[in-house]
Amino acid sequence: MPHDALIVVDVQKDFMPGGALPVPEGDKVVPALNEYIGLFSSKGLPVYFTRDWHPEDHISFKAQGGLWPPHCVQNTEGARFHEELYIPHDNRFIISKGTSRDFDAYSGFQGTILDSLLKERGIRRVFIGGVATDYCVKNTLLGALNLGYFAFLLLDAIKGVDVNPGDSERAIEEMLSVGAVAISLSDLYSTA
Ligand code: VGL
Ligand code: ZN
């Protein structure tokens, strides 16, 4: 529908198997996401790609006392999007987050202009998929709800890191408990 937008969260090489901070089966989100991207794009609806885009001495890295190995360092190979991710030519926006040394951002809205880009277009509903379910997907979705958007969680296009077993399941339950609606590709095709 008009006023719908797709948000693709952090589908970057470092979050894929073999990357610096791999999400198990993270690459499995790509085929489904490409279908969502094609669907939105074919209807002229905007697609927003978030990316983790850290300086090399970022506060979230272990050397600075953070939780994570260095990942998604600006302008490195690991920060690039998965090679098979479909990036349309039109109506697509890249949102870099976690770009300053002393702040981390699990949400695509934190420290970015994503909210103003959506507002400018009158977007009311956002469809969110990508990685990691239990970090950046969750925080981006909760941010969207807090900012007043209606949020769909793309159940067939998310994967989590599960630092503790069950983290992704709990993240999904939390998102649904605060108002997100879970959908899959088949739901969209049956109403298209
Ligand atoms: C993420 C951990 C650290 C994510 C980003 O994209 O979910 N997770 N930085
Ligand atoms: Zn990060």
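Residues numbered from 1 in each chain as written. Chains lettered and ligands numbered in written order. Predicted model: local features only at pLDDT ≥ 70, side-chain atom pairs only at ≥ 80, totals over all residues. Heavy atoms only, no water.

**Points about the sheet that holds strand β2 (residues 47–52)**
Part 1 of the reasoning: Spatially, β3-β2-β1-β4-β5-β6 is the arrangement adopted by the 6 strands of the open sheet, whose pairing is parallel. The open sheet terminates on both sides in strands that have one partner only, identified here as β3 (92–97) and β6 (181–183). When strand polarity is set aside, the average angle formed by the axes of neighbouring strands in this sheet is 25°.
Part 2 of the reasoning: Taken together, the 3 bridges between strand β5 (residues 150–159) and β6 define a ladder with parallel strand orientation. Following the sheet pairing, phenylalanine 152 is matched in β6 by valine 181.
Part 3 of the reasoning: The sheet contacts of helix α1 (residues 29–42) involve β1 (4–9), β2, β4 (125–131), β5 and β6, and relative to β5 the element is tilted by about 140°.
Part 4 of the reasoning: Helix α3 (residues 133–146) contacts β1, β3, β4 and β5 of the sheet and is inclined by roughly 170° relative to β4. (Pairing = 2+ DSSP bridges. Helix = DSSP H or I, 4+ residues; strand = E, 2+ residues; numbered from the N terminus. Axes fitted to C-alpha atoms, helices over the stretch in contact; angles between N-to-C directions. Contact = heavy atoms within 4.5 Å.)

**Considering unusual backbone geometry**
Part 1 of the reasoning: Here the residue pair valine 131 and alanine 132 is connected by a cis peptide bond, since its omega of -10° sits within 30 degrees of zero.
Part 2 of the reasoning: Phi is positive for histidine 3, which is not a glycine, with a value near 70°.
Part 3 of the reasoning: A residue is classified by how much of its surface remains accessible, and histidine 3, at 33% relative accessible area, is partly exposed. (Buried < 20%, exposed > 50% of the residue type's maximum accessible area, 1.4 Å probe, protein only.)

**Here we look at the packing of aromatic side chains**
Part 1 of the reasoning: The tally for this structure, following the rule as stated, stands at 8 aromatic pairs.
Part 2 of the reasoning: When the ring of phenylalanine 49 is compared with that of phenylalanine 81, the centres are 5.8 Å apart and the planes differ by 55°; the resulting orientation is tilted. Of the two residues, phenylalanine 49 is situated in strand β2 and phenylalanine 81 in the loop between β2 and β3; the sequence distance between them amounts to 32 residues.
Part 3 of the reasoning: Using a relative accessible area of 0% as the deciding quantity, one classes phenylalanine 49 as buried.
Part 4 of the reasoning: Residue class for phenylalanine 81 comes out buried when judged on its relative accessible area of 17%.
Part 5 of the reasoning: One aromatic cluster in this structure is built from Phe40, Phe127, Phe150 and Phe152. (Phe/Tyr/Trp six-rings, centres within 6.5 Å; stacked < 30°, edge-to-face > 60°.)

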